[in-house]
Amino acid sequence: MQIDIITVLPDLLVSPFSHSIIKRAKDKGLLSINLVNLRDYTPYARAQIDDYSFGGGAGMVLMAEPLVNAIESLQKKITYDDIIYLTPDGKTLNQQVANNLSLKKNLLMICGHYKGIDQRVRDHFVTCEISIGDYVLSGGELAAAVLTDAIGRLLPGVLNDESSALTDSFQDHLLAPPVYTRPENFRGWKVPPVLLSGNHKLIEDWREEQSVQRTQQLRPDLLKNKP
Ligand code: 6GU
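Residues numbered from 1 in each chain as written. Predicted model: local features only at pLDDT ≥ 70, side-chain atom pairs only at ≥ 80, totals over all residues. Heavy atoms only, no water.

### Points about the site of the ligand
Piece 1. In the neighbourhood of the ligand, the contacting residues comprise Leu86, Thr87, Pro88, Ile130, Ser131, Ile132, Gly133, Tyr135, Leu137, Gly139 and Ala143.
Piece 2. Contacts to the ligand include Leu137, whose backbone N or O atom sits 3.0 Å from a nitrogen atom.
Piece 3. For the ligand, the accessible surface in isolation is 290 Å², of which the surrounding protein chains cover 95%.
Piece 4. Residue assignment for the shell around the ligand shows that the elements contributing at least two residues are strand 5 (82-92) and strand 7 (128-131).
Piece 5. Each residue belonging to the shell around the ligand can be placed in one class, and the counts come to 7 nonpolar, 4 polar and no charged. (Near = heavy atom within 4 Å. Polar contact = N/O pair within 3.5 Å; in protein donor to acceptor, adjacent residues only side chain to side chain. Areas by Shrake-Rupley, 256 points an atom, 1.4 Å probe, with all protein chains shown as cover. Helix = DSSP H or I, 4+ residues; strand = E, 2+ residues; numbered from the N terminus. Nonpolar A, V, L, I, M, F, W, Y, C, P; charged D, E, K, R; others polar.)

Structure below.
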C-alpha cells in the first residue's frame, strides 16, 4: 500500500512512522509512506500557504492553490483510491473504517491546520473526511499518524502472528481479555490458574467470557452494535 500525506509539518510525522510495527511494514515493502511538504507547491511569495478567512473571523485557512498543485502533481504518478481530509467534522474513525481503508491500494491524506482548508478543495478533490474523535487537535498530523498506524498494522504480512489483528479489541465488537506473563506469582498476585492449565478449549472459553464481562462493564455501548 502507498500512503501519501500532504502536510505543512512533515518533520512531525517522521518519528511516528519510524518505530515498531509501521517501521516493520515499511522495511518489508508492504507499506510506503511519502511525506509531501505543502510549502513545496505554493506559487506564492515566501512560501505562503495560508491566508485570512473571507468574511472575517479569527484563524487562517490553507489556500486552495498550493493544495491543488500538490494533489494534481501527485496524481500524475499515482491514482488514489481515496483522498482523505483529516478534520474534526469527518466520520469518526473506528475499527470498521480502518478495516475498509486497509483494503485500498493508494491513499492520499491531507492534514489541515488552523481553521482548516479552503472548502473548494473539499468539494472538488476530497473523497472521504475522517475525524479521530470528538476533541480538537492543533492540526491533522497526529490524526494522520493514528489513521496510518491503524491501517498499516492490518496489511497482510505486517503482523507476525497472522491471527493477531483479528483478536484485537473492537475487531469483534468486544474488548480484549486480560493478559498475563511471567512470573506466575508476583507479590502474591497469581495468574488465573486456567491460563496455566494447558487446556486450549478451557482457555478460549475463559477469554471469551472475560471479553464479554469486560465489555459489559466498561463499554456496554459496543454490545449494542454487535452484529
Ligand atoms: Cl482529524 N483533526 C483535527 N485538527 N482535530 C481533530 C481531528 C482531526 N480528529 C479529532 N480532532
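### Examining helix 5 (residues 141-152)
Piece 1. Between the first and last C-alpha of helix 5 there are 16 Å, a value that for 12 residues agrees with the 16 Å anticipated at 1.5 Å per step.
Piece 2. A large share of helix 5 lies buried, amounting to 9 of its 12 residues.
Piece 3. Looking only at helix 5, the buried set comprises Glu141, Ala143, Ala144, Ala145, Leu147, Thr148, Ala150, Ile151 and Gly152. (Expected span 1.5 Å × (residues − 1). Buried < 20%, exposed > 50% of the residue type's maximum accessible area, 1.4 Å probe, protein only.)

### Structural notes on a nonpolar patch on the surface
Piece 1. On the surface, Leu9, Leu12, Tyr135, Leu137 and Leu142 cluster together into a nonpolar patch covering about 430 Å² of accessible area.
Piece 2. Here Leu9 lies in the loop between strand 1 (2-7) and helix 1 (20-27). (Patch = residues over 30% accessible without salt bridge, like charges linked within 9 Å, V, L, I, M, F, W, Y side chains within 5 Å. Salt bridge = Lys/Arg side-chain N within 4 Å of Asp/Glu carboxyl O.)

### Brief notes about the packing of helix 3 (residues 95-102) against helix 5
Piece 1. Put simply, helix 3 and helix 5 touch, their axes get as near as 8 Å, and they point 70° apart. Relative to helix 5, the element helix 3 is oriented roughly perpendicular. Judged by the sense of rotation from one axis to the other, the crossing of helix 3 with helix 5 is right-handed. Contacts between helix 3 and helix 5 involve Ala98, Leu101 and Ser102 on the former and, on the latter, Leu147, Ala150 and Ile151.
Piece 2. Its residues placed into classes, the contact of helix 3 with helix 5 shows 5 nonpolar, 1 polar and no charged. (Axes fitted to C-alpha atoms, helices over the stretch in contact; angles between N-to-C directions. Parallel < 35°, antiparallel > 145°, perpendicular 65-115°, else oblique. Left-handed = near helix turned anticlockwise from the far one by under 90°. Contact = heavy atoms within 4.5 Å.)

### Considerations on unusual backbone geometry
Piece 1. Look at the link from Arg182 to Pro183: it is a cis peptide, with omega at 0°.
Piece 2. Mapped onto the fold, Pro183 is located in the loop between helix 5 and strand 8 (185-186).
Piece 3. In this structure, Ser20 takes a positive phi of about 55° despite not being glycine.
Piece 4. Within the secondary structure, Ser20 is located in helix 1.
Piece 5. Phi is positive for His173, close to 60°, though the residue is something other than glycine.
Piece 6. Structurally, His173 can be placed in the loop between helix 5 and strand 8.

### Brief notes about the nonpolar core
Piece 1. Core analysis: the largest hydrophobic core is formed by 31 residues, its most contacted members being Ile5, Ile84, Met109, Ile130 and Leu147.
Piece 2. Counting residues per element, the ones that place at least two in this core are strand 1, helix 1, strand 5, helix 3, strand 6 (106-111), strand 7 and helix 5.
Piece 3. Ranked by residues supplied to this core, first place goes to helix 5 with 6 residues.
Piece 4. If we skip the residues at most four places from it in the chain, Leu147 touches Ile84, Leu86, Leu93, Leu101, Met109 and Ile130.
Piece 5. Grouped together as the second largest cluster of nonpolar side chains are 22 residues, Val8, Val36, Leu38 and Leu74 included. (Core = buried A, V, L, I, M, F, W, Y, C linked by side-chain atoms within 4.5 Å.)

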